[in-house]
Amino acid sequence: MIYYVSNSQELFNLPNVTKISVEESIKLITAWKVVQFDTETTGLDCRLDKLVLIQFGNKKAGIQIVIDATTIDILLYKDLLENKLLIGQNLKFDLQWLYNFKIIPLKVYDTMIVEQLLYLGFDFMNKKAAEYLPVGLAAILKRRLNIDMDKSVRHTFINDSTITDTKIIYAAKDVEYLEDIEISQLKELNEKGSIKAAQLECNFVPVIAYMEWCGIKLDTNKWKLKMQKDLRNYQEASKALDNFVIANPKLQEFVFIDRQGDLFEGFNTAPQCSIQWTSSAQVIKVAKTLGFNTTVTDKKTNKNKDSVIEKLLKKQKGICDEFLKLYFGKGEEGDEDYYPGHQGSHKVVTSFGQGHLNSINPKTNRIHTIYNQLGADTGRMSCGSKGDNNDSIAKVRGFPTHPTAKQKADGLGCPYPNMQQLPSDELTRACFISEPNNMWVSCDYSAIESRLGADIYQEKAMIEEFLHGSGDIHSLVAKMIFPELKDVLIKTIKKLYKHLRSKAKPVEFSQQFGGSPIAIQNAMGCTLEEAILYAEGYNKGFPGIAKFKIKGAKEVRSKGYVLLNPITGHKTYWWDWKIWKERQKSYTHSFWEDYKINHKGNKEDPVCQMVSFDAKVASKWDRKALNSVTQGTGAIILKESQIDVFNWVVQGGNFGIILLNNLTHDEANWEYPKEIIEFPKILKSYMEKTAAKYCKSLPIPADAEIGTHWIHYIMICTYKCIINN
């Protein structure tokens, strides 16, 4: 039975729909324990577009109620929305429309998020990916209940708030089967031991919705100055490459002198470089001439092709390290010898420039981007919506709603910016500011992955260093792998043996991510014999990690998933494991005998390709079994801590006053009025309390930095003292 609530006097001809009053609808919904919920809107931006309909449904009652939000005050349903369990699909979107009315539901079950959780490890966004698994409502209905749902009516709502018979029926259908999906999912959650994981992820939905709703404020003047500096850096990086080509005897075929001249500027007889550094095809020519091997195997076609991807060329240290530095850069941001190179400078100019300015919402003057709650197979969030354009902002600004690549390059796009991969330099972060009379607090977990690793792997040397030493794991690794540091105090290594400490980093990162000695060789540019000694030194010094690596590899190959955390039951799934496992049965003794004689070493041979593919896939999941656990647990800790903080904000009546600006992996950024001086201490307390729940062997401190903008490297000691006391 479908009911419709509206103050409109327009006649409609729907034999299966009964019009009722607000009071009658509230009485019906009050009797329900569970409410299926959805909204229909004229666009995707809750600040610029209009709310047209809200829908309620209940499986047991067999009722759907459609509310005309253009004529009915939805605040009349506030108590119901805040006190009932809401089941919805992609509720992050719907909640933001309710937040506009200060309606704050905390009890939600999101069928889309749970579906993603149940198939974590699959790709939910890339339709071209082999592991692509659609998680839209129609796809879930078809997969779980074998019900076909026609979503074609949805586009008729765009820019049109007129309510028609067709729209009412469509809206009602959206809240007809959500409980059936929930029942199906709960059964699978029980079977997989992931009920607690689903509870946590559903509890986080109102938080991530709040973060998108709050947005983040950008100082446009500072950003423009940053853009100018970025452009200068990019131009200088390009010029450095040009000069490198001009000065290199091997590359003179790419040098020319302009003998044609210019009518106004005359002749320029200085040598010039002909390479366009943004053209991969031209850079490949340079790399080949220098002696680099540019051949890779295309994963789709399995055929060889030329490429200048970083991981390929950086393996070939010693051929021309100067070119590698100028093109790819050197070191990590924050290192003394850091140099972004052409590629790093180009990425900053193209990804963190005009698009951010264009994305500022004209109503709130803040950037409201998109966050993907399960954006990685470890459960980490991702940010931004690649390729998507905020059409609502574009219309207001008079920009194209479907910009071409050239229009985007000309600064005419309104993207959903990536706010998690921003350069972490002081200048960039300082562009993000608090509102007048507000303060900004950034609370960052200290070495969370290393500390979690020490606890999860029960690595005694790391635990000891964190508890009783300086906490310098890079120096600890250096001590383990370089014999000359055997009797040197860890706390002095950074000062006295800085070069060895830096040299140890590739070994540390490689082994933490399950890499082989070959990976160490490629990263360090050393011999394979040296790389083997480094790996042996690491494994001997950290037996807990070595033991966990073996155990994890065995489990993922036998079970087809990595258990990210035993407390919640989060898992990431090897999406084609059953195919791989079945194929292992065919690898009999006779198969290997035949393989050695007729197939081994022939890269064009299908059997050889199959064996190679299976080995690479298994090796990849061996590595994931080691490093995904720390990343996954870190993501769980951040999410759970922010659920507690958000609930504190709501219960204290500070919704819309204390704002969640951004979450970046292990860092929480909030904005609060100056007079609520206790908030940073509350934030720090919740974050450390949650970390202690998941990390038993040692604490994970949360360091809070306070200012009027996003502070990354600079501490304000006055405020730090307030938090710690």
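The structure we're discussing is the one just above.
Rules and cut-offs
- Along each chain, the written sequence defines residue order, and numbers are assigned to residues from 1.
- Thresholds applied to this predicted model are a pLDDT of at least 70 for local features of residues and 80 or more for the giving and counting of side-chain atom pairs; totals over whole chains, interfaces and linings are not thresholded and use all residues.
- No hydrogens and no water enter the side-chain calculation; it runs on all heavy atoms of the structure.
- Computed over the protein atoms alone on a 1 Å grid, cavities are sets of points where a 1.4 Å probe fits but cannot get out and pockets are open sets with protein on both sides within 12 Å along at least five of seven lines; a residue lines them when it has an atom within 4 Å of a point.
- Grid points are joined across faces, edges and corners, and a volume is the space filled by probe spheres set on the points.
- Here, strands pair whenever DSSP counts at least two bridges between them.
- Secondary structure counts use DSSP, requiring at least four H or I residues in a row for a helix and at least two E residues in a row for a strand, with both numbered from the N terminus.
- Fitted lines through C-alpha atoms serve as axes, helices being fitted only where they are in contact, and the angles separating the N-to-C directions of these axes extend from 0 to 180 degrees.
- In this analysis, two residues are considered to be in contact whenever any of their non-hydrogen atoms come within 4.5 Å of each other.
- We define a salt bridge as a side-chain nitrogen of Lys or Arg found within 4 Å of a carboxyl oxygen belonging to Asp or Glu.
- Burial here depends on accessible area, computed with a 1.4 Å probe over protein chains only, as a share of the maximum for the residue type. Under 20% is buried, over 50% is exposed, and the range in between is partly exposed.
- Here the arc refers to the set of directions running from the helix axis out to each C-beta atom.
- Residues with no salt bridge and a relative accessible area higher than 30% make up the patches, which join like charges within 9 Å and nonpolar side chains (Val, Leu, Ile, Met, Phe, Trp, Tyr) within 5 Å.
- A 1.4 Å probe and the Shrake-Rupley method give the accessible areas. Residues count as covered only by the protein chains that appear here.
- Positive charges come from Lys and Arg alone, negative charges from Asp and Glu alone, with His and the N- and C-terminal ends not counted.
- By convention, the charge on Lys lies at NZ, on Arg at CZ, on Asp at CG and on Glu at CD.

A. Empty space enclosed by the protein, seen in detail. Summed over the entire model, instances satisfying the criterion amount to 4 cavities of 30 Å³ or more. What the largest cavity holds in volume is close to 50 Å³. Along the walls of the largest cavity sit Gly379, Arg380, Met381, Ala635, Leu638, Lys639 and His665, which together make up its complete lining.

B. Fine view of the sheet that holds strand E2 (residues 17-19). Strand order in the open sheet formed by 7 strands is E2-E1-E5-E4-E3-E6-E7, and the pairing between neighbours is mixed. This sheet does not close on itself; its edge strands, each paired only once, are E2 and strand E7 (108-110). Recorded for the sheet is a direction-independent mean angle of 25° between the axes of neighbouring strands. Both strand E3 (residues 34-41) and strand E4 (residues 51-58) contribute to a ladder of 6 bridges, which runs antiparallel. Within E4, the residue paired with Asp38 across the bridge is Gln55. Sheet strands in contact with helix H6 (residues 165-173) are strand E1 (2-5), E2, E3, E4 and strand E5 (63-68), and its direction is about 130° off that of E5.

C. Up close: the pattern of salt bridges. Scanning all chains against the criterion turns up 30 salt bridges. The salt bridge partner of Asp230 is Lys226, with a shortest N-O separation of 2.4 Å. Placement of the pair is Asp230 and Lys226 together in helix H9 (residues 220-247), with a separation of 4 residues, close to one helical turn. Both residues of the pair, Asp230 and Lys226, count as buried. Here Glu582 makes a salt bridge to Lys585, at a shortest N to O gap of 3.3 Å. With a relative accessible area of 47%, Glu582 lands in the partly exposed category. Lys585 sits in the exposed class, given a relative accessible area of 59%.

D. View of helix H19 (residues 460-468). Buried within H19 are the following residues: Met462, Ile463, Glu465 and Phe466. Looking straight down H19, one finds its buried side chains confined to an arc of 165°; they lie on one side. Exposed and oriented more than 90 degrees from the buried face of H19 are Lys460 and His468. Each element contacted by the buried residues of H19 is listed here: helix H18 (448-456), helix H20 (473-481), helix H21 (490-496), helix H22 (498-512), helix H24 (528-541) and helix H25 (543-559).

E. Seen up close, a positive patch on the surface. Taken together, Lys299, Lys311, Lys315, Lys603, Lys616, Lys620 and Arg623 make up a surface patch of like positive charges. If one sorts the elements of the positive patch by residue count, helix H28 (residues 606-651) sits on top with 3 residues. With respect to the helices, strands and loops of the structure, Lys620 is situated in helix H28. Using a relative accessible area of 35% as the deciding quantity, one classes Lys620 as partly exposed.

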